[in-house]
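# Chains, contacts and geometry: an overview
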Amino acid sequence: MLSPRYCLVASLLLIHFLGFSQSKYKLLVDSARLYTKSGKYQDAINLLFKAKALKGIDKNYSERINMHLGNNYESLSKIDSSIFYYGEAIKFCESKKDYPALSFLFSRLGNIELSFTKRYPTAISYFKKQLYFDKILKDSTYLFDNLNNIGLSFKSLNKLDSALFYFNKVTQDPSKFNNSKNTALLFTADIYSLKKNYNSALANYKQAIKGLALAKDSIGLYAAYANIGDCLMQQNKFDESIENLRKAEKYLSPYITDANKAVLYHNFAYVYGQQQQFDKAYYFKNLENITKDKINTESIGNAIAEMGAKYELRQKQDSLFINKQKLVLANVKTSQKERNFVILLIASIAIIIFIFSIYRIRQLRYKNTLQQKQAEQNALNLMHQYQLSESELKSIRSQMNPHFIFNVLNSIESYIMENDKRTASRLIQKFAALSRLILENSTKSLVTADKEWKALMLYTELEAMRYAGAFTYAFEVDENIQLKTTYLPPMLIQPLIENAILHGLIQSDKKDGHLSVNIKKIENGICITVADNGVGLNHKEKPSRFADIKEQSLGLASIKERIKMINKQYNDCASFTLQSGADSKGAIAVLCLPVFEEQELRGRLSLDG
């Protein structure tokens, strides 16, 4: 018989062995979860990809890992990657009928579409799918939050009655699980405020305050008092408005977003201005401008991070596609060798079989040739997309010209030093509006012409202000063109206007300098013409403080590169010409483009993921 001592040693060795034989996949996923909890999202992603590489190797592998990847990418604000992996997780969970996971996934996708991409109809679709699974699960806790999210999506679409319908479902439900009632009351009051039904709005805000005070919800109390102040301000009840705005100010904390703070400071400045308390109005206006500058800085950083994420995701997807194509070609070649061996073996037995085999080989070779050509064409299309993406990035950098930004800021400083606060304020507002439009447009490969047209007009107006009205300008639109339904590649026209101003009008000694920009419809597309009456193309520029701008300009080269890429996909439908004006005075730039249909946003030129 074995002694108890030997049994104990054997038991310890068995436990030790089982501990070390634990699934490597599970260890990696558990470690990634710890990184996620500590906020180290990139480290978590790296471990998850190592775990993903164990597919087909570790029996514990599960496609549910895509849900963790999507969650970490969302925490890093890499939205395209997050949407992609959430979508992969949904495919798996639908096959397993995992309703709790599906409810979570559609909730996250809905919040992304609502808060980041602003595709509100898509957000509503996701939230309604979540609502379906919440009802199956009888999950009352998340049901009310979901109804509020659907209402917010309709509010963003300006469908106020539909939004009110969903908010009322929450406010009127007496369920003990309804922890979202106070929030729904705030949203209901916001709807009435937008409808200018201020009495109903104030009643709902006050009812919400009672519940929020009991719950000690400082963020909700801030929103309630701030919005009451806004309602009273809209009714010109400035004393009461100030009283509520001050109550809101008491609840300011790091958890209040900068956008909400900017609105509060704006309302303070407006009300104090109406009360002739200009020192306080000026103080809060400065706070508003500082907060908006911070928001703009963060927006630029977020836009750059988002573009990097899109580029990273596209690289991974394209690499996967190319590897698949290589695998297909390798399999085809292997199959061909095997068939040739079989054919030679059969040929030695019978001539009839040999003849049939030769015929079969020819068919296969023809099919292999077609597959190889298709693979080469796919690789060429991918290269075109990379080149177009790089061209657009160059265009963004050329439009956000550092010299232009520096000069505008110098002009603002000059106006402030000269105590011309009104002009400085106008210049800041227009510069902020232009920066916002550029950031919005730069995330898309095609934008509506009205947004691009507005950005061009703002840029021209800023240049005119900066050069103290050294030239006049005019923008004209063909009556046959609807800007809201016409699409243009962003940041393609601005370098032409910059060229006309800096190297044409500003170099001229004329006092009647004029810039003309017009867009008209042609048979197979649209043409944009930028004309000036400056020094012309043959003029030798005098050495000046603007010389360095000309040498570093990438605008015209970027235009030609993007025209070349568009023509590769649209059969030479785009063109660009630059010629002298009448009597060699001035210059005329003509840019002709094909008609971009709305579906192109999801087609070959769409690089938004």
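Everything discussed here concerns the structure shown above.
Just so it is clear, the model here is predicted, and its values are computed rather than measured.

Parameters at a glance
- Residues numbered from 1 in each chain as written.
- Predicted model: local features only at pLDDT ≥ 70, side-chain atom pairs only at ≥ 80, totals over all residues.
- Heavy atoms only, no water.
- Helix = DSSP H or I, 4+ residues; strand = E, 2+ residues; numbered from the N terminus.
- Buried < 20%, exposed > 50% of the residue type's maximum accessible area, 1.4 Å probe, protein only.
- Contact = heavy atoms within 4.5 Å.
- Salt bridge = Lys/Arg side-chain N within 4 Å of Asp/Glu carboxyl O.
- Pairing = 2+ DSSP bridges.
- Phe/Tyr/Trp six-rings, centres within 6.5 Å; stacked < 30°, edge-to-face > 60°.
- Axes fitted to C-alpha atoms, helices over the stretch in contact; angles between N-to-C directions.
- Parallel < 35°, antiparallel > 145°, perpendicular 65-115°, else oblique.
- Left-handed = near helix turned anticlockwise from the far one by under 90°.
- Nonpolar A, V, L, I, M, F, W, Y, C, P; charged D, E, K, R; others polar.
- Disulfide = S-S within 2.5 Å.
- Core = buried A, V, L, I, M, F, W, Y, C linked by side-chain atoms within 4.5 Å.

## Examining the environment of glycine 536
- Within the secondary structure, glycine 536 sits in the loop between β5 (525-532) and α21 (547-552).
- Residue class for glycine 536 comes out buried when judged on its relative accessible area of 11%.
- Each C-alpha atom, one on glycine 536 and one on aspartate 583, is 9.5 Å from the other, the two residues being 47 residues apart in sequence.
- For glycine 536, the contacting residues outside a window of four places in its chain are Ser584 and Gly586.

## Some remarks on the pattern of salt bridges
- Inspection of the entire model under this criterion finds 15 salt bridges.
- Between glutamate 74 and arginine 108 there is a salt bridge, with the nearest N and O atoms lying 2.4 Å from each other. Highlighted residues: glutamate 74 in helix α4 (residues 65-75) and arginine 108 in helix α6 (residues 99-117), separated in sequence by 34 residues.
- For arginine 119, the salt bridge goes to glutamate 113, with nearest N and O atoms at 2.8 Å.
- Exposure remark for arginine 119: the relative accessible area of 42% places this residue in the partly exposed category.
- Here glutamate 113 falls in the buried class, since its relative accessible area comes to 3%.
- The network of salt bridges with shared partners includes Lys52, Lys55 and Glu63.

## Things to note about the pairing of β5
- Within β5, eight of the eight residues are buried, leaving the element largely enclosed by the surrounding structure.
- As paired elements, strand β4 (residues 513-522) and β5 share eight bridges and run antiparallel to each other. Looking at β5, one finds that valine 517 is bridged to valine 530.
- As consecutive antiparallel partners, β4 and β5 are separated by two residues.
- With eight bridges joining them, β5 and strand β7 (residues 587-594) adopt antiparallel strand pairing. When the sheet's bridge partners are listed, isoleucine 526 is paired in β7 with leucine 593.

## Some words on the packing of aromatic side chains
- Summed over the entire model, instances satisfying the criterion amount to 20 aromatic pairs.
- Where tyrosine 225 meets tyrosine 251, the ring centres are 6.2 Å apart and the plane angle is 5 degrees; that geometry is what we call stacked. Of this pair, tyrosine 225 sits in helix α12 (residues 218-234) while tyrosine 251 is found in the loop between α13 (238-250) and α14 (258-274), placing the two residues 26 residues apart along the sequence.
- Where tyrosine 283 meets phenylalanine 284, the ring centres are 5.1 Å apart and the plane angle is 80 degrees; that geometry is what we call edge-to-face.

## Description of the environment of isoleucine 346
- Here isoleucine 346 lies in helix α15 (residues 278-347).
- Taking the C-alpha atoms as reference, isoleucine 346 lies 8.3 Å from serine 357; in sequence the two are eleven residues apart.

## Overview of the packing of helix α3 (residues 41-52) against α4
- Where α3 meets α4, the closest approach of the two axes is 9 Å, and the angle between their N-to-C directions is 160 degrees. The angle between α3 and α4 places the two elements in the roughly antiparallel class. As α3 packs across α4, the resulting crossing turns out to be left-handed. Contacts between α3 and α4 involve Tyr41, Ala44, Ile45, Leu48, Phe49, Ala51 and Lys52 from the first element and Ile65, Asn66, His68, Leu69, Asn72, Tyr73 and Ser75 from the second.
- Tallied by class, the residues present in the contact of α3 with α4 amount to nine nonpolar, four polar and one charged.

## A look at the pairing of strand β6 (residues 575-580)
- Looking at chain direction, β6 and β7 are connected through six bridges and run antiparallel. When the sheet's bridge partners are listed, glutamine 579 is paired in β7 with isoleucine 588.
- In textbook terms, the turn of a hairpin is the stretch between consecutive antiparallel strands, and for β6 and β7 this stretch comprises six residues, one of which, aspartate 583, has a positive phi near 60 degrees.

## Focus: the state of the cysteines
- Taken as a whole, this structure holds one disulfide when the rule is applied.
- Covalent S-S linkage joins cysteine 527 and cysteine 592, the inter-sulfur distance amounting to 2.0 Å. With the S-S bond torsion at 95 degrees, the cross-link from cysteine 527 to cysteine 592 turns out right-handed. Here cysteine 527 is found in strand β5, whereas its partner cysteine 592 is found in strand β7, with 65 residues between them in sequence. Considered together, cysteine 527 and cysteine 592 belong to a single accessibility category, that of buried residues.

## Quick look at the nonpolar core
- Ile497, Ile501, Leu515, Val530, Leu591 and Leu593 are the most contacted members of the largest nonpolar core, which has 51 residues in total.
- Broken down by element, the residue count for this core peaks at nine residues, all from helix α19 (residues 449-466).
- For valine 530, the contacting residues outside a window of four places in its chain are Ile493, Leu496, Ile497, Ala500, Leu515, Ser516, Val517, Ala587, Ile588 and Ala589.

Without other data, these values stay purely geometric and don't point to any function.
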